[in-house]
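Chain residues, written in single-letter form:
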Amino acid sequence: MAEAADFPGMTPSPARRWLRRTGVLLAGAPLLAGLLQLPAATAQAAGQATVKEDSDEGTVAVSVDSLTPAAPTDGDTLTVSGTVTNQGKQDVTAAHVDLRVGDALATRSAIDRAAKRPDALPADDGSTVGGKYVAKFTKLTPGVAEHFSISVPVDKLDLGKDGVYPLGVALSGETSAQPWDQVLGVQRTFLPWQADEADTRTPTTVLWPLVSTVHMTAETGSNAQQTPVFLNEDLAKEIAPGGRLDQMVTLGKELDVTWVIDPDLLASVDAMTGSYRIRGDDDTTTAGTQQAVAKQWLDELQAAVTGKEVVALPFADPDLASLAHNGTGVAGSLSQLKEATDVAATTVETVLHVTPSTDFAWPVEGAVDPSIVKVATSAGADKIIARSDSLAETGDLSYTPSAARPIGGGTTAVVADSRLSTLFEGDLSKASASTLAVQEFLAQSLELGLQTDKQRSILVAPQRMPTAGQARTLAEAVTRLQGGTWAQPQQLAATAKAKPDPAASTKVPSRSAYPASLRKRELPRSAFEEIADTQDKLDNFKVVLANEARVVTPFGRALNREMSTSWRGRGPAASTFRQSVRAYLDTLTGQVKLIDKSETKLSGRSATIPVTVQNNLVQGVDHLVLRLTSTNPTRLEISGEPYAEQPITVSGGHTTTVKFTTSAKVNGQTTVIAQLYTEDGQEYGSAVTFDVKVTEITATVMLVIGGGVLLLVLAGFRMYTQRKRAAAREAEGADEDAPAEGDEPADDPQNPAGPQDRLREESGPSAGADDPEQPSDESPDTEAESADPSGTGERVDR
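Residues numbered from 1 in each chain as written. Predicted model: local features only at pLDDT ≥ 70, side-chain atom pairs only at ≥ 80, totals over all residues. Heavy atoms only, no water.

### Some words on the overall build of the chain
Across its full length, the chain holds 20 helices and 30 strands. Expressed as a percentage of the 798 residues in the chain, the buried residues total 43%. Sequence-distant contacts, at least 24 apart, represent 77% of the contacts inside the chain between residues at least 6 apart. For the chain, the computed accessible surface area is about 40700 Å², with 51% contributed by carbon and sulfur atoms. (Helix = DSSP H or I, 4+ residues; strand = E, 2+ residues; numbered from the N terminus. Buried < 20%, exposed > 50% of the residue type's maximum accessible area, 1.4 Å probe, protein only. Contact = heavy atoms within 4.5 Å. Areas by Shrake-Rupley, 256 points an atom, 1.4 Å probe, with all protein chains shown as cover.)

Listed below in structure tokens is the structure:
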């Protein structure tokens, strides 16, 4: 039967079919079970991954707000204080904070790696101190910060050889979702450990920068004190008690550091000690009132720098990299840098009464290339403060070399350690961030000293303008370092003169290696062109001034400020400042000008043309020449030439008028140009153009006029003689009718006239006016006229 069932075409029995089906089911059961378990396993794995992700981020934030002593030694008790905050949604129960110490870190790079994720989980990178050195919490409520403090003797930490140990501060606890003890949050920091004082301390120089942004304008008052005008009240806020610069002075006076000062800051605060004004948004000014604050700040600074090393940057801290990359092709740019360097020492000495060093140049963030070095040395600096991430090591040097590096041409690069210098950036206003920065600074410094037995000098160059929080953190780090056992303070001049390490790199990186992030924040070429244009206008203006220092000094310093490093990344503000300086200079130069003239009419061959120069400045102007030019000399000449010149001197607030002699050849209209020039032939101000209309009087016209006048004279003479003759005839008739006393009447017409008759004829009508009246005679007045010709001398009546 069995055999028959296996034959083809034969149907198996029911029993056989049942057995086969049962076997198949039994054989597939494990596979089915596996398939059913796969989703559950996947879900469990996903859940574990989710837990791990949550665990990596930490549901509880741990902050280490203080760690004292920062660098413990034998016999010390380490105290770690801070807060823990439950950031989850569930309560954390059975919570406790403990300390975990890992193995010593062998390199500075290992410290870098450990510092990248100080709060990453899991926290299995060290052994737990445990025991009674634990802070316990019954429950941590979500969103509530709880304070903790743990004190443990250093000998309980099982520290071995000198070195840097990672120190973890971890919080463990349970939640309702995960009811087992686990690490829910951690904060890592560093514990520098040196049981005994180092045989060779590392000389370390720390720069303490006293730099601010631009605050003063070019504008000054017209009074004798030249009251300065400030852009705003920001400087007053910085130097006021609690302000950034006030804290810099307060903190720095307790440290053994090298002060690096921008003289412009000193000049600005010094200006605030007297009368000053603040420019408002509506272009008006108001009186400043912070004189007492300014004086107090300067007094405190003078006390702080007494006996300390002071380095003066060029005035207004010019941007060396911007100048090197974009300004050297603009005429006069390097001269601006030289002038800023020349006035630096004088400003510091005048205000602080100390003699600064001026032979150091400090490019932005210590980034250098050959062009930057060339520009820096052109102004007299022979030491360049660079940074190790720019002038990097190219070999396989296993330790950090000394800061001083000869880079050729008698120039020394003093290279700051980039790790130590950049630790005090970012937001350090919170205690936890500040503590981590201090501990990492100390760790890097100690590890650097443990690298080799060679004596090396190290430089720390922080950012130029640290915030108040950054300054406090830096001061804390320097205080801890100078109180430690492996480093000692040293002045910058000594670090620059230290013996260079022959194995250190001295190759300045190429221009193409300059960081793009820094290059895009530079002043553009157009900025230097604007500066040069303003300088040219200033040069043209100052030569005409009786007291050029009133203008040259404030504008010279304003031009220095236009190149300030503080404009980096503030392009619109920098442009506005440059435009305001130029506009104010234009306003001043416009105060000396020619008065506009309307059309002038001249009649005749020669005349004088007056031209008026006005000076609205408070000081006099001199060394000016006024030139009057005829555009058509064939029609109108000025002093016999196409143009004439006269020197000009005008007192402040006055005008003066000069006259030019002109001569016309033909009548008509001619355009005349009046232009002021400086004595060296440069045009000054705008020209005044006006028309002169000439009417020339010809000989024919003069003859006609002369003839008319002559006719009028002759007509008048004729009228006069006629009237005279008429009067004479009247007088003669009166004489004939009334002879004189004693004479006989002349009845004979042939009787010639007597002497009295002739006298009356010559005297005219008034000759006998006073003669006594005589009786009338009835005889005829005259005889009949004779027909014979009249004799000589006889009167003829007509």
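### Thoughts on the pairing of strand β18 (residues 404–408)
The pairing of β18 with strand β19 (residues 411–416) spans four bridges and is classified as antiparallel. Counted as the bridge partner of proline 406 is threonine 412 from β19. (Pairing = 2+ DSSP bridges.)

### Overview of the sheet that holds strand β23 (residues 600–603)
Ordered by their spatial adjacency, five strands build an open sheet running β23-β30-β29-β25-β27, and the pairing between neighbours is mixed. Across the chains shown, the open sheet's two edge strands, defined by having one partner strand only, are β23 and β27 (643–650). Taken pair by pair, the neighbouring strands of this sheet meet at an average axis angle of 30°, ignoring direction. Of the pairings in the sheet, the one linking strand β25 (residues 621–630) to strand β29 (residues 668–678) comprises seven bridges and is antiparallel in character. Across the sheet, valine 625 pairs through a bridge with tyrosine 677, a residue of β29. (Axes fitted to C-alpha atoms, helices over the stretch in contact; angles between N-to-C directions.)

### Notes on the nonpolar core
Grouped together as the largest cluster of nonpolar side chains are 75 residues, with contacts concentrated most on Phe541, Phe555, Leu626 and Leu628. Setting aside chain neighbours within four positions, we find phenylalanine 541 in contact with Val551, Leu585, Leu588, Thr589, Leu617 and Tyr684. Of all hydrophobic cores here, the second largest spans 65 residues; its members include Leu235, Val249, Ala312 and Val438. (Core = buried A, V, L, I, M, F, W, Y, C linked by side-chain atoms within 4.5 Å.)

### So, the packing of aromatic side chains
Within the structure shown, the criterion is met by five aromatic pairs. With a centroid separation of 6.3 Å and an interplanar angle of 25°, the aromatic rings of phenylalanine 541 and tyrosine 684 are classed as stacked. In this pair, phenylalanine 541 is assigned in helix α16 (residues 525–542) and tyrosine 684 in strand β30 (residues 683–695), connecting sequence segments 143 residues apart. When the ring of tryptophan 567 is compared with that of phenylalanine 577, the centres are 5.5 Å apart and the planes differ by 35°; the resulting orientation is tilted. On the criterion of sequence distance, the pair formed by tryptophan 567 in the loop between α17 (549–561) and α18 (571–589) and phenylalanine 577 in helix α18 is long-range, its members being ten residues apart. Each member of the pair, tryptophan 567 as well as phenylalanine 577, is classed as buried. Geometry around phenylalanine 315 places arginine 557 over its ring, the cationic atom sitting 5.5 Å from the centre. Above the plane of the ring of phenylalanine 690 lies lysine 597, whose end atom (NZ or CZ) is 5.3 Å from the centre. (Phe/Tyr/Trp six-rings, centres within 6.5 Å; stacked < 30°, edge-to-face > 60°. Lys NZ or Arg CZ within 6 Å of the ring centre and 35° of its normal.)

### Focus: the pairing of strand β17 (residues 383–387)
Most of β17 sits inside the fold, with five of its five residues counted as buried. Note that the unit made of strand β16 (residues 360–361), helix α10 (residues 370–378) and β17 has a crossover that is right-handed. Judged from the five bridges that link them, β17 and β19 form a sheet pairing that is parallel. Paired with arginine 387 across the two strands is alanine 416, which belongs to β19. (Right-handed = clockwise from strand over helix to strand, strands pointing away.)

### A short note on helix α6 (residues 263–272)
One full turn of an α-helix is made of 3.6 residues, so residues set three or four places apart face in the same direction. Where burial is concerned, most of α6 is hidden: eight out of the ten residues are buried. For α6, the set of buried residues is Pro263, Asp264, Leu265, Leu266, Ser268, Val269, Ala271 and Met272. Where α6 starts, the residue carrying a side-chain oxygen 3.0 Å from the main-chain nitrogen of aspartate 264 turns out to be aspartate 262. (Polar contact = N/O pair within 3.5 Å; in protein donor to acceptor, adjacent residues only side chain to side chain.)

### Digging into the environment of arginine 635
Looking at the element boundaries, arginine 635 is found in the loop between β25 and β26 (636–638). A residue is classified by how much of its surface remains accessible, and arginine 635, at 25% relative accessible area, is partly exposed. Residues arginine 635 and asparagine 667, 32 residues apart in the sequence, show an inter-C-alpha distance of 7.2 Å.

### Some remarks on the side chain of arginine 279
By the element assignment, arginine 279 lies in strand β13 (residues 277–279). A distance of 2.6 Å separates a polar side-chain atom of arginine 279 from the backbone oxygen of aspartate 283. Beyond its immediate chain neighbours, meaning those up to four positions away, arginine 279 contacts Glu219, Val229, Phe230, Leu231, Thr284 and Thr285.

### Points about the side chain of serine 445
Looking at the element boundaries, serine 445 is found in helix α12 (residues 431–450). Overall, the relative accessible area of 7% leaves serine 445 in the buried class. Sequence-distant contacts of serine 445, defined by excluding residues within four places in its chain, comprise Leu420, Leu481 and Trp486.

### A look at the sheet that holds strand β22 (residues 592–594)
In a beta sheet, neighbouring strands are held together by backbone hydrogen bonds and run either parallel or antiparallel to one another. Here we have four strands laid out as an open sheet, ordered β22-β24-β28-β26, and antiparallel in their pairing. Two strands bound the open sheet, and with one partner strand each, they are β22 and β26. Neighbour to neighbour, the strand axes of the sheet diverge by 30° on average, direction disregarded. For strand β24 (residues 606–615) and strand β28 (residues 654–664), the ladder comprises ten bridges, and the chain directions are antiparallel. Bridge pairing in β28 links asparagine 615 to histidine 654.

### Focus: helix α9 (residues 333–352)
The end-to-end C-alpha distance of α9, which contains 20 residues, comes to 29 Å, matching closely the 28 Å that a straight helix rising 1.5 Å per residue would cover. Considering bend angle alone, the principal kink of α9 is centred on alanine 344 and spans about 25°. Those residues of α9 that sit buried are Ser333, Gln336, Leu337, Ala340, Thr341, Val343, Ala344, Thr347, Val348, Val351 and Leu352. (Expected span 1.5 Å × (residues − 1). Bend = angle between axes of the 7 residues up to and from the residue.)

### Section: a negative patch on the surface
A contiguous patch of negative charge, built from Asp74, Asp155, Asp158, Asp162, Asp196, Asp199 and Asp453, is present on the exposed surface. You can see aspartate 74 is positioned in the loop between β1 (60–68) and β2 (77–86). (Patch = residues over 30% accessible without salt bridge, like charges linked within 9 Å, V, L, I, M, F, W, Y side chains within 5 Å. Salt bridge = Lys/Arg side-chain N within 4 Å of Asp/Glu carboxyl O. Lys, Arg positive; Asp, Glu negative; His and termini not counted. Charge placed at Lys NZ, Arg CZ, Asp CG, Glu CD.)

### Concerning the environment of serine 275
With respect to the element layout, serine 275 can be found in the loop between α6 and β13. For the pair serine 275 and threonine 227, spaced 48 residues apart in sequence, the C-alpha separation works out to 6.0 Å. Those residues in contact with serine 275, other than ones at most four positions away along the chain, are Thr227, Pro228 and Gln291.

### Some words on the pattern of salt bridges
For the structure on display, the rule yields 28 salt bridges. In this structure, arginine 525 engages glutamate 529 in a salt bridge whose closest nitrogen and oxygen atoms are separated by 3.0 Å. Of this pair, arginine 525 and glutamate 529 both sit in helix α16, four residues apart, which is roughly one turn of the helix. For arginine 525, a relative accessible area of 40% gives the class partly exposed. Owing to a relative accessible area of 38%, glutamate 529 belongs among the partly exposed residues under this scheme. Taken together, the shared-partner salt bridges connect Asp533, Lys537, Arg582 and Asp586 into one network.

### Examining unusual backbone geometry
A cis geometry characterises the amide bond from threonine 68 onward to proline 69, with omega recorded as -10°. With an omega dihedral of 5°, the bond running from leucine 121 to proline 122 counts as a cis peptide bond. Along the polypeptide, proline 122 turns up in the loop between α3 (108–116) and β4 (127–128). Of note in this structure, glutamine 226 is not a glycine but carries a positive phi near 50°. With respect to the element layout, glutamine 226 can be found in the loop between β10 (216–220) and β11 (228–230).

### With respect to a nonpolar patch on the surface
Together, Leu710, Leu711 and Leu714 make up an exposed nonpolar region whose accessible area comes to about 320 Å². Take leucine 714: it is sitting in helix α19 (residues 699–737). Judged by relative accessible area, which is 48%, leucine 714 ranks as partly exposed.

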